[in-house]
Amino acid sequence: MKRSKIMRAVTLIYAALAIGAFVYSLGFFTNFVQIRSADRNLYDLLQLYNRKIFNYSLAVMLGSFVLFIVGYNHGNRNLPAKIIGTANGLGAIWISYFVLQYLNVFKTKYLTIDVEAIQLYYPDYQLSTFVFDFGFLFFVVFAVFAVLLIINSWLKPEGGK
C-alpha cells in the first residue's frame, strides 16, 4: 500500500512539473522583450530558445496527460503504459538537458547588456536573473522526477498488473 502511494505521488508530482515546464516556457520571455534595442542578436537567440522550450514542454505535458488517460497513476503498468511512461520520462530528461545546457550561457550574455540603452526606452528596467536561476533549479528537479518516473514505469505495483 505504501509503495503504491509513493508511485502515485511520483506520477502526480511529475505531471505537475510537466505543466510547470509549460508555464515556465510561456513566461520565460516576458522580461526579455525590452532588450531588443540593446542587443538584437541576444534577443533573437532567446526567442528561438524559448520557442524550443515551449515545443518540448508542450510535448512532455501532453504526454503526461496520456499517462493519466491510460490509467498510469492508478497502477496500470501494461507494456504500452510502460513505454509511454519511459518515453515521457526520456522527453523530460531531454528538455531538462536542453534547458540546462544553454541557460548559463544566456545568463552570462544577458548580464553584459548595456542597461542604460534599455532604460532610454524603459526607464524602470532592471536586469534580473530570476528566470535563469529559477529555471536551473526547476529543470534539475524535473530531471530527477523524470528518472523516478522511468523507474516507476518498470516497477511492479503492489498486487498490480
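For the rest of this paragraph, the subject is the pattern of salt bridges. Between side chains of opposite charge, pairing is possible as soon as their charged atoms come close. Scanning the model with the defined rule gives three salt bridges in all. Between lysine 107 and aspartate 133 there is a salt bridge, with the nearest N and O atoms lying 2.7 Å from each other. Here the residue lysine 107 occupies a position in helix H3 (residues 79-110), and aspartate 133 occupies one in helix H5 (residues 130-154), the gap between them amounting to 26 residues. Classification of aspartate 133 as partly exposed rests on a relative accessible area of 36%.

Tracing the backbone shows serine 64 in helix H2 (residues 40-69). Not counting residues up to four positions away in its chain, the partners in contact with serine 64 are Tyr14, Ala15, Ala18 and Asn88.

Let us look at the packing of aromatic side chains. Considering all chains together, one arrives at 26 aromatic pairs under this definition. Measuring from ring centre to ring centre gives 5.4 Å for tyrosine 24 and phenylalanine 139, while their planes differ by 75°; the resulting arrangement is edge-to-face. Here tyrosine 24, found in helix H1 (residues 2-27), pairs with phenylalanine 139, found in helix H5; they are 115 residues apart in sequence, far enough to count as distant. Given a relative accessible area of 6%, tyrosine 24 falls into the buried group.

Moving on, we get to the side chain of threonine 86. Tracing the chain through its elements places threonine 86 in helix H3. Given a relative accessible area of 17%, threonine 86 falls into the buried group. What threonine 86 contacts, discounting residues up to four positions off in sequence, is Ile150, Ser153 and Trp154.

Another aspect to go through is the packing of H3 against H5. For any two helices packed against each other, the geometry is given by the interaxial angle and the distance between the axes. Interaxial distance between H3 and H5 falls to 8 Å at its minimum, and their mutual angle equals 160°. Classified by the interaxial angle, the pair formed by H3 and H5 is roughly antiparallel. Crossing handedness for the pair H3 and H5: left-handed.

Criteria and thresholds
Residues numbered from 1 in each chain as written. Predicted model: local features only at pLDDT ≥ 70, side-chain atom pairs only at ≥ 80, totals over all residues. Heavy atoms only, no water. Salt bridge = Lys/Arg side-chain N within 4 Å of Asp/Glu carboxyl O. Helix = DSSP H or I, 4+ residues; strand = E, 2+ residues; numbered from the N terminus. Buried < 20%, exposed > 50% of the residue type's maximum accessible area, 1.4 Å probe, protein only. Contact = heavy atoms within 4.5 Å. Phe/Tyr/Trp six-rings, centres within 6.5 Å; stacked < 30°, edge-to-face > 60°. Axes fitted to C-alpha atoms, helices over the stretch in contact; angles between N-to-C directions. Parallel < 35°, antiparallel > 145°, perpendicular 65-115°, else oblique. Left-handed = near helix turned anticlockwise from the far one by under 90°.

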